[in-house]
Amino acid sequence: MIKRRYLLKLLFAGSSAIAYSLLFPVKVLARWNEAAYAAENINEALSAYYPNKQLITSNKINITVRPEIENGAVVPIKVNTDLKNVESIAIFVEKNPNPLIANFDLSPACKGFISTRIKMDGPSDVLVVVVSDGQPYSTSKSVMVHAGGCG
Amino acid sequence: MSAIRVRSHLKDGVAIVEAIIRHPMHTGFGVDEDTKEIIPAHYIKLLTVKHNGNTVISCDWSRAVSKNPYFSFMFEGASKGDELELSWIDTEGETDVIKTNLE
């Protein structure tokens, strides 16, 4: 009896997993880390996004961003890294209402490079986290912003 | 017409891809000039680029990616004519997809 129940349970679990995978948008959206994106301070955002990981400061990450920005609505930012086996590159703005701005998961074919444009609410440190071989490494740069761009 | 524009450049098997997507990326803090009402948050959450059917980059974004998002990345093992497919989904469940070939 126990065996049969176990089998049924297994069967049910299997079929619901298949049904779940058919719900494309739901499955895709599950990858969006709600807790990390809703976090209102940098430490909360980092621990939600990199659970049980300790960030290591690295000089192998280069952030290209102007030190002084007139309009925070459009802040061009470029990230280059010499770290090997890069799995992801994420951008955080410490003083934004929600510090996690964007994350890029890179396949092994990708170079350690990303360029984009972000919004900054005011002067803040911009923190970039690169995950390499499962370990998050970070570096930050201070940016002066004259007019906040989160409106 | 798709609201996605993709430009690619090949050099020694490395593709440099640049994409711009027409999207308001509303943060939920902005106010409509005419109605004086707050514009609800509306932004792209996830974006994926596939190279010949395989995912090369997948992005998860917040509302703090600038309006009409721009991003660029590079990947190896690319040849002229390879297929590139970019798709996104936003907070309203709206999606868009574009297929192009590497130039």
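Below: a short report on this structure.

What counts, and where the lines are drawn
Residues numbered from 1 in each chain as written. Chains lettered and ligands numbered in written order. Predicted model: local features only at pLDDT ≥ 70, side-chain atom pairs only at ≥ 80, totals over all residues. Heavy atoms only, no water. Helix = DSSP H or I, 4+ residues; strand = E, 2+ residues; numbered from the N terminus. Buried < 20%, exposed > 50% of the residue type's maximum accessible area, 1.4 Å probe, protein only. Contact = heavy atoms within 4.5 Å. Buried area = accessible area lost by both parts, 1.4 Å probe. Salt bridge = Lys/Arg side-chain N within 4 Å of Asp/Glu carboxyl O. Polar contact = N/O pair within 3.5 Å; in protein donor to acceptor, adjacent residues only side chain to side chain. Nonpolar A, V, L, I, M, F, W, Y, C, P; charged D, E, K, R; others polar. Pairing = 2+ DSSP bridges. Axes fitted to C-alpha atoms, helices over the stretch in contact; angles between N-to-C directions. Phe/Tyr/Trp six-rings, centres within 6.5 Å; stacked < 30°, edge-to-face > 60°. Arc of directions from axis to C-beta.

1. With respect to the overall build of chain B
Part 1: Within chain B, the regular secondary structure consists of zero helices and seven strands.
Part 2: Counting helices and strands in the order they occur from the N terminus, chain B gives β-β-β-β-β-β-β.
Part 3: By the burial criterion, 48% of the 103 residues in chain B qualify as buried.
Part 4: In chain B, the share of contacts with a sequence separation of at least 24, taken over all contacts with a separation of at least 6, comes to 53%.

2. What about the interface of chain B and chain A?
Part 1: At the junction of the two partners, chain B supplies 30 residues and chain A supplies 34 residues.
Part 2: Both sides together, the interface formed by chain B and chain A hides about 2800 Å², and carbon and sulfur atoms give 56% of it.
Part 3: Of the charged contacts, one joins B:E76 and A:K111 as a salt bridge, the two residues approaching to 3.1 Å between their closest N and O atoms.
Part 4: Here chain B is connected to chain A by 20 residue pairs in polar contact (both at pLDDT 80 or more).
Part 5: Among the elements of the structure, β3 (44–51), β4 (54–61) and β5 (70–75) of chain B are those that each provide at least two residues to the side of chain B that touches chain A.
Part 6: With seven residues, β4(B) is the single largest residue contributor to the side of chain B that touches chain A.
Part 7: Classifying every residue of the side of chain B that touches chain A gives 17 nonpolar, eight polar and five charged.

3. Let's talk about the sheet that holds strand β2 (residues 61–64) of chain A
Part 1: The strand order across the open sheet formed by six strands is β2(A)-β4(A)-β7(A)-β5(B)-β2(B)-β1(B), and the pairing between neighbours is antiparallel. Lying at the two open borders of the sheet, with one neighbouring strand each, are β2 of chain A together with β1 (4–11) of chain B. Neighbour-to-neighbour, the strand axes of this sheet turn through a mean angle of 15 degrees, independent of strand direction.
Part 2: By the bridge criterion, six bridges tie strand β4 (residues 75–81) of chain A to strand β7 (residues 113–118) of chain A in an arrangement that is antiparallel. Note that in β7(A) the partner of A:N80 across the bridge is A:F113.

4. Overview of the packing of aromatic side chains
Part 1: Applying the stated criterion across every chain, the model contains 10 aromatic pairs over all chains.
Part 2: Between A:W32 and B:Y43, the aromatic rings sit 6.4 Å apart at their centres with planes inclined by 40 degrees, giving tilted as the arrangement. Residue A:W32 is found in the loop between α2 (24–29) and α3 (34–38), and its partner B:Y43 is found in the loop between β2 (14–21) and β3; the two belong to separate chains.
Part 3: With a relative accessible area of 7%, A:W32 lands in the buried category.
Part 4: Taking relative accessible area as the criterion, B:Y43 reaches 11% and is therefore assigned buried.

5. A closer look at the side chain of A:S107
Part 1: Looking at the secondary structure, you find A:S107 in the loop between β6 (100–106) and β7.
Part 2: Owing to a relative accessible area of 13%, A:S107 belongs among the buried residues under this scheme.
Part 3: Apart from residues lying up to four places away in sequence, A:S107 is in contact with B:T55 and B:V56.

6. Details of helix α4 (residues 42–49) of chain A
Part 1: Looking only at α4(A), the buried set comprises A:I42, A:A45, A:L46 and A:Y49. Across the axial projection of α4(A), the buried residues extend over an arc of 95 degrees, all falling on one side.
Part 2: Among the structural elements, α3, β5 (86–93), β6 and β8 (124–132) of chain A together with β4 of chain B are those in contact with the buried residues of α4(A).
Part 3: Measuring from the side-chain oxygen of the N-cap residue of α4(A) to the backbone nitrogen of A:N43 gives 3.1 Å; that N-cap residue is A:N41.

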